[in-house]
Amino acid sequence: MTENESCEITSIQSLVGCTGRRWIMGVISQLEERQFYLEDLTGAVPIDLANAKITSGFFVENTVIVAEGELLSSGIFQVNTCGFPPLEDRETSLSLLMGLDFFGGGVIPTEEALRLSSLENKAVNDMFVILSDVWLDSYETMEKLGVVLDGYESVEVVPSLFVLMGNFCSRPCNLAFNSFEELRLQFGKLGEMIASRTRLKEHSRFLFIPGPDDAGPSKALPRCALPKYLIEELQKHIPNAIFVSNPCRVKFYTQEIVFFRQDLLYRMRRSCLIPPTTEETSDPFEHLVATITHQSHLCPLPLTVQPIIWNYDHCLRLYPTPDMIVLADKSEQKAFKYTGITCFNPGSFANDSTFAAYRPCTKEVELSALES
């Protein structure tokens, strides 16, 4: 819909014999080598994106797009302009889906939702501290983590949640990795480090999310929690530590928060079919946020680039849109608010000494770093 006209989407099957400008919607597929197609439920048509005017985002194979153009006599659909499908805001989605539970915690009655909303507004002291790339085998990283924990141990109200995200080792835990016993002991040392800060141990919760190179059965998404063997020593010191999958969803009263640890920006840029536009923004992180929110999916990459366990693909979906998305990545620290969704990358703690603090009451993000 534009200001003065609406555009009718034509099914790809009915393009044959049509002349003039048409709007089509489909997923970008590579059905033949080096030839990209736009595919919908009725058929597929080869597309030419070379001279297309595009909106913000990364246009990669597997993304759903709306394209305007015309079918040439050669059978190729010449795209003039294209963009992602419009984004539906959270309130609209929830009003249409009353009685359906997309989060997985059960349907919340209206009275309970109002009560939770009231409690959320009163929770002014709650704070989440998020760190990514906490290398347990690096003396320097553990020293820096000690400084962070000491800092929060001494504040008047300690953070309610610490989110520690992988990778938890400076080397990939692949078939060549043979130091699992050592890593298990390092998790134990981390447990001792946390337990020695009595206020944090008593009043804060600790959430552990595996990274792309951490120990696990495969590289496919979603990744299961860290193996029990590695975390047993830590649990002796911090019995209420929570070990979850990657991605992970947290509900804070009425707020839905998604945590995802994957080096997504690098992969999206590598897989991009056309250079992203610089008209609205030249910031790659803003392009990434636009892509995943409009696609309603955390990882809209082809399966050849990032395998997904098909039965659990729903774990990566972003519909209805969450209130906050943490895209932990080894790239530089960034925060961006897009159509009411707070998105940020806490940065790599091991490499850059960066981390982030989030205040759910005000939905404010504080990008932080230790002084070198």
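All values derive from a computational prediction rather than experimental measurement.

Each value, and the rule that gives it
Residues numbered from 1 in each chain as written. Predicted model: local features only at pLDDT ≥ 70, side-chain atom pairs only at ≥ 80, totals over all residues. Heavy atoms only, no water. Buried < 20%, exposed > 50% of the residue type's maximum accessible area, 1.4 Å probe, protein only. Helix = DSSP H or I, 4+ residues; strand = E, 2+ residues; numbered from the N terminus. Pairing = 2+ DSSP bridges. Core = buried A, V, L, I, M, F, W, Y, C linked by side-chain atoms within 4.5 Å. Contact = heavy atoms within 4.5 Å. Expected span 1.5 Å × (residues − 1). UniProt positions renumbered as here; feature names shortened; annotations may be inferred. Domains from an automatic or database assignment. 1 Å grid on protein atoms, 1.4 Å probe; cavity = no way out; pocket = protein on both sides within 12 Å on 5 of 7 lines; lining within 4 Å. Points joined across faces, edges and corners; volume = space filled by probe spheres on them. Nonpolar A, V, L, I, M, F, W, Y, C, P; charged D, E, K, R; others polar. Axes fitted to C-alpha atoms, helices over the stretch in contact; angles between N-to-C directions. Parallel < 35°, antiparallel > 145°, perpendicular 65-115°, else oblique. Left-handed = near helix turned anticlockwise from the far one by under 90°. Phe/Tyr/Trp six-rings, centres within 6.5 Å; stacked < 30°, edge-to-face > 60°. Lys NZ or Arg CZ within 6 Å of the ring centre and 35° of its normal.

Draft legend 1. Here's a closer look at the pairing of strand 13 (residues 324-328). Counting buried residues along strand 13, 5 of its 5 residues qualify, which places the element largely inside the surrounding structure. Note that strand 12 (residues 255-261) and strand 13 share 5 bridges and pair parallel. Along strand 13, the bridge assignment pairs phenylalanine 259 with valine 326. One ladder, built from 3 bridges, connects strand 13 with strand 15 (residues 341-345); its direction is parallel. From the neighbouring strand, isoleucine 325 faces strand 15, where its bridge partner is cysteine 343.

Draft legend 2. Local environment of the nonpolar core. Counting 36 residues, the largest nonpolar core has Leu145, Tyr152, Leu190 and Phe208 as its most contacted members. Of all the elements in the fold, those that place two or more residues in this core are strand 7 (128-132), helix 3 (139-153), strand 8 (161-165), helix 4 (180-195), strand 9 (205-209), helix 6 (228-237) and strand 16 (354-359). What leucine 190 contacts, discounting residues up to four positions off in sequence, is Leu136, Met142, Leu145, Leu164, Phe208 and Leu234. Ranked by size, the runner-up nonpolar core spans 26 residues in total, among them Cys272, Leu298, Leu318 and Ile341.

Draft legend 3. Broad picture of helix 3. Here helix 3 contains 15 residues, and its C-alpha end-to-end distance of 21 Å stays within 8% of the 21 Å for a straight helix at 1.5 Å per residue. Where helix 3 is buried, its residues contact strand 7, strand 8, helix 4, helix 5 (198-203), helix 9 (349-352) and strand 16.

Draft legend 4. Spatial organisation of the UniProt feature "domain: DNA polymerase alpha/delta/epsilon subunit B" (unreviewed entry) in the protein chain. As annotated by UniProt and renumbered to match this structure, "domain: DNA polymerase alpha/delta/epsilon subunit B" (unreviewed entry) occupies residues 128-333. As annotated, residues 128-333 comprises 33% helix and 17% strand, and the C-alpha atoms at either end are separated by 16 Å.

Draft legend 5. Spotlight on the domain arrangement of the protein chain. Taken domain by domain, the protein chain comprises domain 1 (9-83) and domain 2 (90-262 + 306-369). Computed from C-alpha atoms alone, the centre-to-centre distance between domain 1 and domain 2 is 38 Å.

Draft legend 6. Spatial organisation of the layout of surface pockets. The calculated volume of the largest pocket comes to roughly 670 Å³. Around the largest pocket, the lining is made up of 26 residues, and of these Leu94, Met98, Ile108, Ala113 and Lys251 lie nearest the centre. Secondary-structure elements contributing two or more residues to the lining of the largest pocket are helix 1 (90-96), helix 2 (110-122) and strand 12. The element that contributes the greatest number of residues to the lining of the largest pocket is helix 2, accounting for 6 residues. Tallied by class, residues from the lining of the largest pocket come to 13 nonpolar, 6 polar and 7 charged.

Draft legend 7. Structural context of the environment of leucine 288. As for its placement among the helices and strands, leucine 288 is situated in helix 8 (residues 284-295). Among the residues examined, leucine 288 registers a relative accessible area of 1% and is labelled buried. C-alpha separation for the pair leucine 288 and phenylalanine 84, spaced 204 residues apart in sequence, amounts to 12 Å. With residues up to four places along the chain from it excluded, the contact list for leucine 288 reads Phe58, Leu264, Leu265, Met268 and Leu327.

Draft legend 8. Examining the packing of helix 4 against helix 6 more closely. Where helix 4 meets helix 6, the axes come as close as 7 Å, and the angle between the chain directions of the two elements is 20°. Between helix 4 and helix 6, the crossing angle belongs to the class labelled roughly parallel. For the element pair helix 4 and helix 6, the recorded crossing hand is right-handed. On helix 6, the residues touching Phe180, Glu181, Leu183, Arg184, Phe187, Gly188, Leu190, Gly191, Glu192 and Ala195 of helix 4 are Tyr229, Leu230, Glu232, Glu233, Leu234 and His237.

Draft legend 9. Layout of the packing of aromatic side chains. Scanning the entire structure with this criterion turns up 15 aromatic pairs. Ring centres of phenylalanine 349 and phenylalanine 355 lie 6.3 Å apart, and the angle between their planes is 75°; this geometry places the pair in the edge-to-face category. On the accessibility criterion, phenylalanine 355 (6% relative accessible area) is buried. Three or more aromatic residues joined by ring pairs form one cluster here, namely Phe128, Phe252, Tyr253, Phe344 and Tyr358. Across the ring face of tyrosine 229, the terminal group of arginine 184 is positioned such that the distance to the ring centre comes to 4.7 Å. Stacked on the ring of phenylalanine 103, the Lys or Arg lysine 251 has its end atom at 5.1 Å from the ring centre.

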